[in-house]
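Observations on the model geometry
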Amino acid sequence: MRTFELPDSVSGTTVDRILGRQLVRTWETDGIFQVAATAEQERITQEALTESRRFFGKSVPEKAKFVSDLTYSGYIASGEEVTAGEADFSEIFTVCPDVPLTDTRVTEGWPCHGPVPWPDDGYRTAMRAYLREVGEAGEKLLRLVALGLEVEIDRLTRLTRDGWHHLRVLRFPARSATTERGIGAHTDYGLLVIAAQDDVGGLFIRPPVPGEPRRRNWLPEESTAGMYQDDEPWHFVEPEPRVFTVFPGDILQFLTGGRLLSTPHKVRLATRERYTLAYFHEPSFSTTVRPLDGRDDRIHYGTHFTNMFTRCYPDRVTTQRIHEEGRLDRLRALSQ
Ligand SMILES: O=C(O)CCC(=O)C(=O)O
Ligand SMILES: [Fe+2]
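Residues numbered from 1 in each chain as written. Chains lettered and ligands numbered in written order. Predicted model: local features only at pLDDT ≥ 70, side-chain atom pairs only at ≥ 80, totals over all residues.

1. Let's talk about the overall build of the protein chain
The helix and strand tally for the protein chain stands at nine helices and 16 strands. Relative to its length of 336 residues, the protein chain is compact, with a C-alpha radius of gyration of 19 Å against a globular reference of 20 Å. Each principal axis of the C-alpha atoms in the protein chain carries an extent, and together these give about 55 × 50 × 40 Å. Sorting the 336 residues of the protein chain into buried and exposed places 46% on the buried side. Across the protein chain, the fraction of contacts at a sequence separation of at least 24, relative to all contacts at a separation of at least 6, is 79%. (Helix = DSSP H or I, 4+ residues; strand = E, 2+ residues; numbered from the N terminus. Rg over C-alpha atoms; globule rule 2.2 N^0.38 Å. Buried ≥ 20, exposed ≤ 12 C-beta atoms within 10 Å, placed from the backbone. Contact = placed C-beta atoms within 7 Å.)

2. A few points about the site of ligand 1
Taken together, R168, L170, I183, D188, A195, Q197, L203, H265, V267, T276 and A278 form the complete shell of residues around ligand 1. Class assignment of the residues belonging to the shell around ligand 1 gives a composition of six nonpolar, three polar and two charged. (Near = placed C-beta within 6 Å. Nonpolar A, V, L, I, M, F, W, Y, C, P; charged D, E, K, R; others polar.)

3. Quick word on the UniProt feature "domain: Fe2OG dioxygenase" (unreviewed entry) in the protein chain
Under the UniProt annotation, "domain: Fe2OG dioxygenase" (unreviewed entry) lies at residues 163-283. The annotated region residues 163-283 carries 5% helix and 35% strand content, and the separation between its end C-alpha atoms amounts to 5 Å. (UniProt positions renumbered as here; feature names shortened; annotations may be inferred.)

4. So, the nonpolar core
When a protein is soluble and globular, its nonpolar side chains tend to lie buried together. Counting residues in hydrophobic clusters, the biggest one holds 79 residues, and the most contacted among them are M127, Y130, V145, I194, F244, V246 and L277. Counting residues per element, this core draws most heavily on helix α5 (residues 121-148), at 13 residues. Beyond its immediate chain neighbours, meaning those up to four positions away, V246 contacts I32, F33, V35, L141, L192, V193 and I194. (Core = buried A, V, L, I, M, F, W, Y, C linked by C-beta atoms within 7 Å.)

5. Things to note about the sheet that holds strand β8 (residues 181-186)
The four strands are arranged β8-β13-β10-β11 in an open sheet whose pairing can be described as antiparallel. Edge positions in the sheet fall to β8 and β11 (235-236), since each has one partner strand and no second. (Pairing = 2+ DSSP bridges.)

6. Some thoughts on the pairing of strand β6 (residues 91-95)
Consecutive side chains along a regular strand alternate between the two faces of the sheet. Most of β6 is tucked away: five of the five residues are buried. Where strand β3 (residues 74-76) and β6 come together, three bridges link them in antiparallel fashion. Its bridge partner being in β6, I76 is matched across the sheet by I92. Across five bridges, the pairing between β6 and strand β7 (residues 166-172) is antiparallel.

7. Some points on the environment of P291
Within the fold, P291 resides in the loop between β15 (288-289) and β16 (299-300). Judged by the 14 C-beta atoms lying within 10 Å of it, P291 falls in the partly exposed class. Taking the C-alpha atoms as reference points, P291 and F254, separated by 37 residues in sequence, lie 6.4 Å from one another. Discounting chain neighbours no more than four positions away, the residues touching P291 are F254, L255, G257 and D297.

8. Some points on the packing of helix α1 (residues 14-30) against α5
Direction vectors running N to C along α1 and α5 enclose 85°, while the axes themselves pass 7 Å from each other. When the interaxial angle is binned, α1 and α5 end up roughly perpendicular. The residues of α5 that touch α1, namely those facing D16, R17, L19, G20, R21, L23 and V24, are L144, V145, L147 and G148. Per-class residue counts for the contact of α1 with α5 are six nonpolar, two polar and three charged. (Axes fitted to C-alpha atoms, helices over the stretch in contact; angles between N-to-C directions. Parallel < 35°, antiparallel > 145°, perpendicular 65-115°, else oblique.)

9. Details of the pairing of strand β12 (residues 243-248)
The buried count for β12 comes to six of six residues, which makes it a mostly enclosed element. Going residue by residue along β12, you find V243, T245 and F247 tucked away on one face and F244, V246 and P248 tucked away on the opposite face as well. Bridge count between strand β2 (residues 33-36) and β12: four bridges; the pairing is antiparallel. Looking at the pairing, Q34 lines up with T245 of β12. As judged from the four bridges shared by strand β9 (residues 192-197) and β12, these two strands associate in the antiparallel manner. Looking at the pairing, I194 lines up with V246 of β12.

Given below as structure tokens:
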């Protein structure tokens, strides 16, 4: 696995261009690379993992209080998430943008918008610090990737103003006699997936395979959920201290017409419980994304996000409210 160091800033120097090309080329061959964490990033990551252990250590009824019918932020019990019709055994706290009840997007009934049901101040402070830190890395990476793709340096970061960045704070139980399933094979939805894992291991990714057909997850008839679940090649992502793993999401595949592929990945349970932080660097909810080469096509990011979350959580109160209040019609109007 290749590991890169990010510069303090990305302005388009020759060194930046060379690095950008290396990042793109590494994704094209390996589907993933690592970025070395700074001492400060490492400190903030460990603090977030400590808060995560503290929260997940509570009883399920206690944790289940932190759910909202406005947003997908909050607690997701083991077995609640569904990938390709099968339950995942990860236990999750999702942090989506924390939108106050007074915000017009909430008062106007936009799907997925609302305040985060934070467990407490310590948790909120740690997760916000983590989001800020990986968010900065995400912006640098997008500028480098734009250089590597030979488009304008701000072509990708233009999409992330008021980005719908979100975080999944995950705990995986140790495997049992009945299951090894952590999370089924899937791709994630936006621009970048930036993840930190503890030393237990369990993540597998599928690199690009020349000639292999890949689906376009943003089209309802081409879901990537469950794709190649039991077919090799899958590469184990060996846990390494002080790194973030980084791979492309669906929107980068769309933007580049499939030159960069949204990396399929899955999690197998280990003999010990496992803690990870999966961060998603995204366009803003209301952005309509168009391909870099000018092809006539588009994705409304907020629609893709909402489709994916309603698919993963068919029974959640948030999904029920979206359907009961006709919030998908509201979304259709917004996207036009
Ligand atoms: O736990 C991991 O390593 C990855 C988690 C993941 O794929 C996700 O949260 O979407
Ligand atoms: Fe994922």
